[in-house]
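A closer look at the structure
The chain contents come next:
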Amino acid sequence: MALKGLDAWYAFMKSHDAAALWDLLHPDAVFESPVVHTPQAGRDIVFKYLKGAEKVLGGPGFTYVGEWRSDHGAVLEFENVIDGIKINGVDIITFADDGRISHFKVMVRPLKAINLLHRLMGEQLARQ
């Protein structure tokens, strides 16, 4: 099964094109972070979190190591090493009927990785 939104997500992760990410997000998109208690709703805030995460996590060592698809979404397992800490996590992405991202949830392990990402994402979001 083809998910055009998933293809667009992979293209964004290669290009780092902010305009492409913006276009990929549904206006009512929701983002769930491993460190923020409440879901973040709306394209503006979801864009800010995903662009920040791409800058923090999406460097040269970032790689997707697994993919599981459903009719309207995918779970993408990723890995990276930052500051000597191996980060393992999943992006759980749901796509609206028009192919845009409607829901994006990130889960990360181990605890040292969560703590590191919490600090780095806080710094990144403060700069945006």
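Let me sum up the structure you'll find in this document. A quick note: this is a predicted structure, and the numbers were derived from the prediction, not measured. (Residues numbered from 1 in each chain as written. Predicted model: local features only at pLDDT ≥ 70, side-chain atom pairs only at ≥ 80, totals over all residues. Heavy atoms only, no water.)

**Focus: the packing of aromatic side chains**
One pass over the full model with this rule turns up eight aromatic pairs. On the numbers, 5.4 Å between centres and 45° between planes, the contact of Trp-9 with Phe-12 is tilted. Taken together, the residues Trp-9 and Phe-12, both in helix H1 (residues 4–15) and three residues apart, mark about one turn of the helix. Ring geometry for Trp-22 versus Phe-47: centroids 5.5 Å apart, planes at 80°, classification edge-to-face. Separated by 25 residues along the polypeptide, Trp-22 in helix H2 (residues 18–24) and Phe-47 in helix H3 (residues 43–57) bring together distant segments of the chain. The exposure class of Trp-22 is partly exposed, given its relative accessible area of 30%. An aromatic cluster is built from Trp-9, Phe-12, Phe-31, Tyr-49 and Phe-104, whose rings are joined through pairwise contacts. Here the guanidinium or amino end of Arg-43 rests over the ring plane of Trp-22, the centre of that ring lying 4.8 Å away. (Phe/Tyr/Trp six-rings, centres within 6.5 Å; stacked < 30°, edge-to-face > 60°. Helix = DSSP H or I, 4+ residues; strand = E, 2+ residues; numbered from the N terminus. Buried < 20%, exposed > 50% of the residue type's maximum accessible area, 1.4 Å probe, protein only. Lys NZ or Arg CZ within 6 Å of the ring centre and 35° of its normal.)

**Here's the deal with the environment of Trp-9**
Residue Trp-9 is classed as buried on the basis of its relative accessible area of 3%. Sequence-wise, Trp-9 and Arg-100 are 91 residues apart; in three dimensions their C-alpha atoms are separated by 9.4 Å. The residues contacting Trp-9, other than those within four sequence positions of it, are Leu-21, Leu-24, Leu-50, Tyr-64, Leu-76, Asp-91, Ile-93, Ile-101 and Phe-104. (Contact = heavy atoms within 4.5 Å.)

**Thoughts on the pattern of salt bridges**
Evaluation of the coordinates by the stated rule reveals six salt bridges. Residue Asp-98 is joined to Arg-100 by a salt bridge in which the shortest nitrogen-to-oxygen separation is 2.8 Å. The partner of Arg-119 in a salt bridge is Glu-123, and the shortest N-O contact between them spans 3.3 Å. Note that Arg-119 and Glu-123 are positioned in helix H4 (residues 111–127) at a spacing of four residues, about one turn of the helix. Here the salt bridges share partners, and the residues they tie into one network are Asp-83, Arg-119 and Glu-123. (Salt bridge = Lys/Arg side-chain N within 4 Å of Asp/Glu carboxyl O.)

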